[in-house]
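# Residue-level structure breakdown
Residues per chain, in single letters:
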Amino acid sequence: MSTKRNDPCHCGSQNKYKNCCWSKDEAARTVASQEQAAARSEAAKAEAAAAPPSTTKRPVKTTGVAPKAHNQGPAKQNVRRKV
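All values reported here derive from a predicted model rather than from experimental measurement. (Residues numbered from 1 in each chain as written. Predicted model: local features only at pLDDT ≥ 70, side-chain atom pairs only at ≥ 80, totals over all residues. Heavy atoms only, no water.)

### Focus on the overall build of the protein chain
When its secondary structure is counted, the protein chain shows 1 helix and 0 strands. With 83 residues in all, the protein chain has 4% of them scored as buried. Counting only carbon and sulfur atoms, one obtains 54% of the accessible surface of the protein chain, whose full area is about 8500 Å². (Helix = DSSP H or I, 4+ residues; strand = E, 2+ residues; numbered from the N terminus. Buried < 20%, exposed > 50% of the residue type's maximum accessible area, 1.4 Å probe, protein only. Areas by Shrake-Rupley, 256 points an atom, 1.4 Å probe, with all protein chains shown as cover.)

So this is what it looks like as structure tokens:
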């Protein structure tokens with residue numbers, strides 16, 4: 001179970017955890033998470049470098065003509081006519 005901010009500090013100072021050791025512990029957790037993230041990114045880079053290049057993608061064929069946009073004119077209003 002983890003220590004909550006308003007619990008007594010685990011160091012035995014009789015102060016609340018948030019007023020005693022919380023900032024030090026939070027800084028240590030931040031550094032540890034940054035180190036883990038760096039290790040994951042290094043592993044991903046190494047895995048990407050070791051993987052063979054993908055040759056399944058085909059080049060996109062272009063015709064040189066832009067596709068026509070639909071509804072180029074002014075918007076039509078739905079008007080009920082009296083009969």
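### Focus: the environment of Pro8
Structurally, Pro8 can be placed in the segment before α1 (22-50). When its relative accessible area of 61% is taken as the criterion, Pro8 is described as exposed. Sequence separation between Pro8 and Cys20 is 12 residues, and the spatial gap between their C-alpha atoms is 9.1 Å. Here Pro8 is in contact with Thr3, Asn15 and Tyr17, once residues within four sequence places are set aside. (Contact = heavy atoms within 4.5 Å.)

### Describing unusual backbone geometry
Leaving glycine aside, a negative phi is the common case for residues, and trans is the common case for peptide bonds. A positive phi angle, close to 70 degrees, is found at Gln14, a residue other than glycine. Positionally, Gln14 belongs in the segment before α1. Classification of Gln14 as exposed rests on a relative accessible area of 70%.

### Brief notes about the pattern of salt bridges
In the structure shown here, the tally under the stated rule is 1 salt bridge. Glu26 is paired through a salt bridge with Arg29; the nearest N and O atoms lie 2.7 Å apart. Note that Glu26 and Arg29 are positioned in helix α1 at a spacing of 3 residues, about one turn of the helix. A relative accessible area of 42% means that Arg29 is categorised as partly exposed. (Salt bridge = Lys/Arg side-chain N within 4 Å of Asp/Glu carboxyl O.)

### Digging into the environment of Cys20
Counting through the fold element by element, Cys20 comes out in the segment before α1. The class for Cys20 is partly exposed, based on a relative accessible area of 23%. Cys20 sits 10 residues away from His10 along the chain, and the two C-alpha atoms are 9.2 Å apart. The residues contacting Cys20, other than those within four sequence positions of it, are Cys9, Cys11, Ser13 and Asn15.

### Topic: the packing of aromatic side chains
Overall, the coordinates contain 0 aromatic pairs when judged by the stated rule. Above the plane of the ring of Trp22 lies Arg5, whose end atom (NZ or CZ) is 4.7 Å from the centre. (Phe/Tyr/Trp six-rings, centres within 6.5 Å; stacked < 30°, edge-to-face > 60°. Lys NZ or Arg CZ within 6 Å of the ring centre and 35° of its normal.)

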